[in-house]
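One-letter residues, chain by chain:
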Amino acid sequence: MKSEFLQIESAHHTMLNICLMILPAFHSSRLKLNSRNSLILFCILPTILLQITLNTPRVNSQTNTWQKIFDNYEYNTLLSFCNSYQGGYLLIGSVRHFSTSKLFALKIDGNGDTVWSRKYFTKNLHTYTASWICQSVNKTYTIVGSSSDPSEDEILVIKIDNNGELLWKRNFGGPDFERGKAIIESNDNSLIVLAHTYSYSTNCDILLLKLDNNGNLIWQRVFDSGFEDFAEEVVNFPEGYAFVSSSQVPTYRHSEFGVTIWKVNMNGELISKNTIQSDTSLLAANSLQQTCDSGFLIGGYYLTNSRSSLKSGSILIKTDSAGILESMDSYQTMGYEECESAREIPGRGYVMCGRIDSAQVGGNKKAYIRIVNYSGEILAENYFTPGMHSNRFYSVENTTDRGFIAAGFAGMTNNGPYGYAVKTDSLGGIVTGISSLGMTVASDFITIRSFPNPFNNDIKFQYSISNNFKIDFRLYDIGGRQIQEIDLGIKHTGTYTFLLNTKSLANSSGIYFYRFSLQTNQGSTYFKTGKIIQLR
């Protein structure tokens, strides 16, 4: 009931604000509001406003963006997250504890504020790391990672409740090195664990475990291709489970790496295995997702060792339901780039995240979020440099308000990173500063006015900047497709105005998002986003 009230209240405020903006627009267009015109205006206006208001919750929710650096702990890195049963998110990773690393869990609310945090297994000096978290039955969460304690097997699985209290701990593995990589809850409420293992051959093999919800082993399967296979993520599909690996592929020249999709049934028996490779590049996978058309989406990277340098870039691979290649798109700037995670945006395309190291976007290692359509064409991309050193996102997911949440780390010091998470709008952008360290974003450098807004013809933008920047303006429709891009050039401190030509916009009412990007001489880039409304 409270949620419904807030939505209705938000809608009322939206209608009132639009009314207050529309009336001056009619006045400025010298429309005489005689009794007949007034009657027409106030008969038509509610219908227009109602149509806009019906779409308002998803648009208003875009303004709930934030970015957080979790620097009130020792150096830490966030690797994975999932939705919390009580709203917000649970994030996991590793945190420095004296001379070792410990498994670390953090619960945040929908605004990114910390609800609780936990460090686990702090009574000894062994290392415990986390790789993946998933929701489980009875409002619990299961985490997979690794342990360095020589008295126990290395694959670590723990279950925690909604307050982070440890419910149980299990260890699995063989006599040699293992590492827990990913975990999901199966369609039959069991747990599926994906791991690396060296216990069964001289190569890295794939170990798949099925556990009940008390952590008891149901079965385990080892997948050995005879070469190196590094598994990364596992997903459910109707007949069983699919997982992706970076796999060594023998060729007539030498051994190269490709991307392999493995499909097994509910008993872990192999159904199919298909490897995708390139004649010119090494391919590696970092993420896997089943798409709405029952195919698979793989995020990863390629490496090409040319005569002059080692080149790399992000890749998005789309396959059919059998794992057969349908498309592969690559993205590369003048430096190193890697996609760590990719997810489908139903009806729009794909979102990907990772890190990029390029002079084109500032030189230092930036975390990035990129949105592409189903054809692989870039719709929007944003770079995040909260720290002066390396920055990276490991995980990205869609949010219910059509935005995204991503988590990773920010390189704030030479000695180590801090956990870093962002909640973005539908274009992958943010409109707020970093909460804990007072880092600056565009809101600190630029103020923007757009008028009239709503508009029914051209619209004017006036912006004031407090420093010297190279400024770029982009306009997107509500689906995230770029409509216009304007290079505003290098601007010095002051106030500027430009008129936006709206002839390229649809000849109907609609909502659009704009983004100003401000680039400094040192290569740092800041963003400011907002929305405008067209009435036809």
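The structure presented is a predicted model; accordingly, all values stated were derived computationally and were not measured.

Caption draft 1: Layout of the overall build of the protein chain. Helix and strand counts for the protein chain come out as three helices and 35 strands. Burial statistics for the protein chain: of 536 residues in total, 53% are counted as buried. Partitioning the contacts of the protein chain with sequence separation of at least 6, the portion at a separation of at least 24 is 51%. Split by element, the accessible area of the protein chain, about 23400 Å² in all, is 50% carbon and sulfur.

Caption draft 2: Main features of the environment of Leu156. Take Leu156: it is sitting in strand 8 (residues 155-160). Owing to a relative accessible area of 0%, Leu156 belongs among the buried residues under this scheme. Every residue in contact with Leu156, bar those within four places of it in the chain, is listed here: Leu103, Phe121, Tyr128, Ile143, Val144, Gly145, Ser146, Ser147, Lys169, Arg170 and Asn171.

Caption draft 3: Representation of the sheet that holds strand 2 (residues 76-83) within the structure. Read across the sheet, four strands follow the order 2-3-4-5 without closing on themselves; strand pairing throughout is antiparallel. With partners counted over all chains shown, the strands left at the sheet margins are strand 2 and strand 5 (114-119), one partner each. Taken pair by pair, the neighbouring strands of this sheet meet at an average axis angle of 20°, ignoring direction. Across five bridges, strand 4 (residues 100-108) lies against strand 5 in antiparallel orientation. Counted as the bridge partner of Leu106 is Ser117 from strand 5.

Caption draft 4: Local environment of the packing of aromatic side chains. Applying the stated criterion across every chain yields a total of 26 aromatic pairs. Taking the centre distance of 5.0 Å and the plane angle of 80° together, the rings of Phe461 and Tyr514 count as edge-to-face. Placement of the pair is Phe461 in strand 30 (residues 459-465) and Tyr514 in strand 34 (residues 510-519), with a sequence separation of 53 residues. In this structure, Phe461 and Tyr514 share a single accessibility class: buried. Geometrically, the ring pair formed by Tyr463 and Tyr496 is stacked, given 5.6 Å between the ring centres and 25° between the ring planes.

Caption draft 5: Structural context of the sheet that holds strand 29 (residues 446-451). Ordered by their spatial adjacency, three strands build an open sheet running 29-30-33, and the pairing between neighbours is antiparallel. With partners counted over all chains shown, the strands left at the sheet margins are strand 29 and strand 33 (494-500), one partner each. Mean inter-strand twist for the sheet, computed between neighbouring axes without regard to direction, equals 15°. By the bridge criterion, seven bridges tie strand 30 to strand 33 in an arrangement that is antiparallel. Bridging from a neighbouring strand, Ile465 pairs with Gly494 of strand 33.

Caption draft 6: Inspection of the nonpolar core at higher detail. Residues Val157, Ile183, Val193, Leu194, Leu208, Val234 and Phe243 are the most contacted members of the largest nonpolar core, which totals 28 residues. If you look at the next biggest cluster of nonpolar residues, it comprises 24 residues, including Ile345, Cys353, Val396 and Tyr420.

Caption draft 7: The arrangement of the environment of Val222 in detail. Considering the arrangement of structural elements, one finds Val222 in strand 13 (residues 217-223). Residues Val222 and Thr197, 25 residues apart in the sequence, show an inter-C-alpha distance of 8.5 Å. Excluding residues that lie within four positions of it along the chain, Val222 makes contacts with Tyr200, Asp205, Ile206 and Leu207.

Caption draft 8: Region of interest: the environment of Trp262. As for its placement among the helices and strands, Trp262 is situated in strand 16 (residues 255-265). Classification of Trp262 by relative accessible area gives buried; the value is 2%. Setting aside residues no more than four positions away along its own chain, Trp262 makes contact with Ile206, Phe223, Ser225, Asp229, Tyr241, Ala242, Phe243, Ser245, Ser247, Leu270, Ser272 and Lys273. Here Ser245 takes part through its side chain, which lies 2.9 Å from a polar atom of the side chain of Trp262.

Caption draft 9: Inspection of the pattern of salt bridges at higher detail. With the rule as written, the count across this model stands at 18 salt bridges. A salt bridge links Arg118 to Glu165, with the nearest nitrogen and oxygen atoms 3.6 Å apart. One end of the pair, Arg118, is in strand 5; the other, Glu165, is in the loop between strand 8 and strand 9 (166-172), and 47 residues separate them in sequence. One salt bridge connects Glu340 with Arg392, and the closest N-O pair in it is separated by 2.5 Å. With Glu340 in strand 22 (residues 335-345) and Arg392 in strand 26 (residues 391-398), this pair connects stretches of sequence that are 52 residues apart. For Arg392, a relative accessible area of 13% corresponds to the buried category.

Caption draft 10: Representation of the pairing of strand 10 (residues 178-185). Among the eight residues that make up strand 10, six are buried, leaving the element largely enclosed by the rest of the structure. Bridge count for strand 10 against strand 11 (residues 191-197) is seven bridges, and the pairing is antiparallel. Looking at strand 11, one finds that Ala182 is bridged to Leu194. Hairpin connection, strand 10 to strand 11: the antiparallel pair is bridged by five residues, and Asn189 has positive phi, about 70°.

Caption draft 11: How the structure looks around the confidence of the model for the protein chain. Chain-level statistics for the protein chain give a pLDDT mean of 81 and a share of 79% at 70 or above. Of the regions scoring below 50 in pLDDT, residues 251-255 engages in seven contacts with residues more than four places distant in sequence or in other chains.

What counts, and where the lines are drawn
Residues numbered from 1 in each chain as written. Predicted model: local features only at pLDDT ≥ 70, side-chain atom pairs only at ≥ 80, totals over all residues. Heavy atoms only, no water. Helix = DSSP H or I, 4+ residues; strand = E, 2+ residues; numbered from the N terminus. Buried < 20%, exposed > 50% of the residue type's maximum accessible area, 1.4 Å probe, protein only. Contact = heavy atoms within 4.5 Å. Areas by Shrake-Rupley, 256 points an atom, 1.4 Å probe, with all protein chains shown as cover. Pairing = 2+ DSSP bridges. Axes fitted to C-alpha atoms, helices over the stretch in contact; angles between N-to-C directions. Phe/Tyr/Trp six-rings, centres within 6.5 Å; stacked < 30°, edge-to-face > 60°. Core = buried A, V, L, I, M, F, W, Y, C linked by side-chain atoms within 4.5 Å. Polar contact = N/O pair within 3.5 Å; in protein donor to acceptor, adjacent residues only side chain to side chain. Salt bridge = Lys/Arg side-chain N within 4 Å of Asp/Glu carboxyl O. pLDDT = per-residue confidence, 0-100.

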